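# Fold and contact review
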Amino acid sequence: MIRKTVLPVVLLILLTVMSAGGEEPSQSLPASSASPMPWPYRIDLTKIKFTPSFKLGYQRMGMNLTVPIPFRISLGGEDTYEGDTVKLTLPEVNLWIAEAGLDVRATPDLTMYVSGAGNLIQNLFMSLSGGSENSADASTWKTHSLTWLEIEGGMRYNHWSSLAVVSGLRWDHFDLTIKDPDVLTKVNVGAYRNLNLLTGDILSGLWIPYVGAELRFKDLKATLIGTTYAPALLRVRTRLRADIQQTYNFLGESTITMKSAAMFVEARLEYKIRIRDKTGLSLWGKGSWLTTQGGGRLESGYGTTHSGLTVGIGSDRHLRFSRFSLGGGTALKMSF
């Protein structure tokens, strides 16, 4: 009888002690030992720092593109011309670059940024002035029409004192027309005379997701970014013309559209010169390189005044494209 009475009492005492012991640490836990809140919840809206920037400078840019001429034309089954692969280039030219950007420092460690750059101001000036004969690039701009534009956004996480991790996404637009490229190796073949390309149009659009690192010193900043996978759309149109037996002519147009992945790398340097507490100038320089290649989809058409001309289309659709740039200039930054 005693055992039956004592056992429930002992169990009741143990449960009471365990319950009291489990609540005690919770009541005595110091507030400082609580887990810190994730960084999005630690953003103080009153301490967000905005830094708009305006950059001006020159950028040296060059391009190389290999593209096949797909037409194979034959007259009477004897005189045959078969197009080969040609190389279209953009000679190294100076672009006037204007860029506007905004940095937003959300926390001491995290900065988000957005910017846009291009040579639109240069194109506007050239169209209004009709080109300058005294310019070193005057002869090039007469045969090359170029529009380049890039827009990007990203973030910079600076958890370490002098090293930051950078990631972002850039959209790159490149539109070039070359007049009379003079790249054909076969100009007179059999009955065909004055074979030449009238124009070469190159249009590329790239989405470049990149990652990289940024080193910061007292007034110097060095950044290296890159990617091995940047989705690229490349469209190349060529127009071929030929005289046939001095009386007839042939005009063919082909467009090759390629979707592939590009490799991209860029290095930047910036040196700050402080003017006031919230205003400063800086000198900047950067160099970049990208390349892509692959097969594409062909669209073609032609016209001829010779009724006996036979026209065929070759099987080569392969494009190889690369571009590089090297530039520098000044920047004005203001913080508020």
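Read on for a plain summary of the structure. Keep in mind the model is a prediction, meaning the values are calculated, not measured.

## As for the overall build of the protein
- When its secondary structure is counted, the protein shows 3 helices and 14 strands.
- Burial status across the protein gives 36% buried among its 336 residues.
- Here the contacts in the protein between residues at least 6 apart in sequence split such that 74% fall between residues at least 24 apart.
- Only carbon and sulfur atoms are counted for the fraction: they give 60% of the accessible area of the protein, which is about 19,400 Å².

## Quick notes on the sheet that holds strand β2 (residues 71-75)
- The 3 strands are arranged β3-β2-β13 in an open sheet whose pairing can be described as antiparallel. Across the chains shown, the open sheet's two edge strands, defined by having one partner strand only, are β3 (79-82) and β13 (309-313). Across the sheet, the mean angle from the axis of one strand to that of its neighbour is 15 degrees, orientation sign disregarded.
- Strand direction decides the pairing type here: β2 and β13, joined by 5 bridges, are antiparallel. In the strand pairing of β13, Arg72 is matched with Gly312.

## Describing the environment of Thr223
- Tracing the backbone shows Thr223 in strand β9 (residues 220-244).
- A sequence separation of 44 residues divides Thr223 from Ala267, and the C-alpha atoms of the two residues are 5.7 Å apart.
- Ignoring any residue separated from it by four or fewer positions in sequence, one finds Thr223 in contact with Ala213, Glu214, Glu266, Ala267 and Arg268.
- Among the polar contacts made by the side chain of Thr223, one reaches the side chain of Glu214 at a distance of 3.2 Å.

## A few points about the packing of aromatic side chains
- The full count for this structure, using the stated rule, is 5 aromatic pairs.
- With a centroid separation of 5.7 Å and an interplanar angle of 75 degrees, the aromatic rings of Phe71 and Phe250 are classed as edge-to-face. Residue Phe71 is located in strand β2, and its partner Phe250 is located in strand β10 (residues 248-274); the two are separated by 179 residues in the primary sequence. Accessibility classification places Phe71 together with Phe250 in one group, the buried group.
- Among the aromatic residues, those joined into a ring-pair cluster are Phe71, Phe250 and Tyr302.

## Some details on the pattern of salt bridges
- Considering all chains together, one arrives at 16 salt bridges under this definition.
- For Lys55, the salt bridge goes to Glu99, with nearest N and O atoms at 4.0 Å. Of the two residues, Lys55 is situated in strand β1 (residues 49-68) and Glu99 in strand β4 (residues 85-105); the sequence distance between them amounts to 44 residues. Assigned by exposure class, Lys55 and Glu99 land together as buried.
- Among the ionic pairs, Lys221 bridges to Glu270, the shortest N-O distance being 3.4 Å. With Lys221 in strand β9 and Glu270 in strand β10, this residue pair connects regions lying 49 residues apart in the sequence.
- A residue is classified by how much of its surface remains accessible, and Lys221, at 10% relative accessible area, is buried.
- Exposure remark for Glu270: the relative accessible area of 7% places this residue in the buried category.
- In this structure, a network of salt bridges that share partners links the residues Glu150, Glu152, Arg170, Glu266, Arg268 and Lys286.

The rules we used
- Residues numbered from 1 in each chain as written.
- Predicted model: local features only at pLDDT ≥ 70, side-chain atom pairs only at ≥ 80, totals over all residues.
- Heavy atoms only, no water.
- Helix = DSSP H or I, 4+ residues; strand = E, 2+ residues; numbered from the N terminus.
- Buried < 20%, exposed > 50% of the residue type's maximum accessible area, 1.4 Å probe, protein only.
- Contact = heavy atoms within 4.5 Å.
- Areas by Shrake-Rupley, 256 points an atom, 1.4 Å probe, with all protein chains shown as cover.
- Pairing = 2+ DSSP bridges.
- Axes fitted to C-alpha atoms, helices over the stretch in contact; angles between N-to-C directions.
- Polar contact = N/O pair within 3.5 Å; in protein donor to acceptor, adjacent residues only side chain to side chain.
- Phe/Tyr/Trp six-rings, centres within 6.5 Å; stacked < 30°, edge-to-face > 60°.
- Salt bridge = Lys/Arg side-chain N within 4 Å of Asp/Glu carboxyl O.

These figures capture arrangement, not role.
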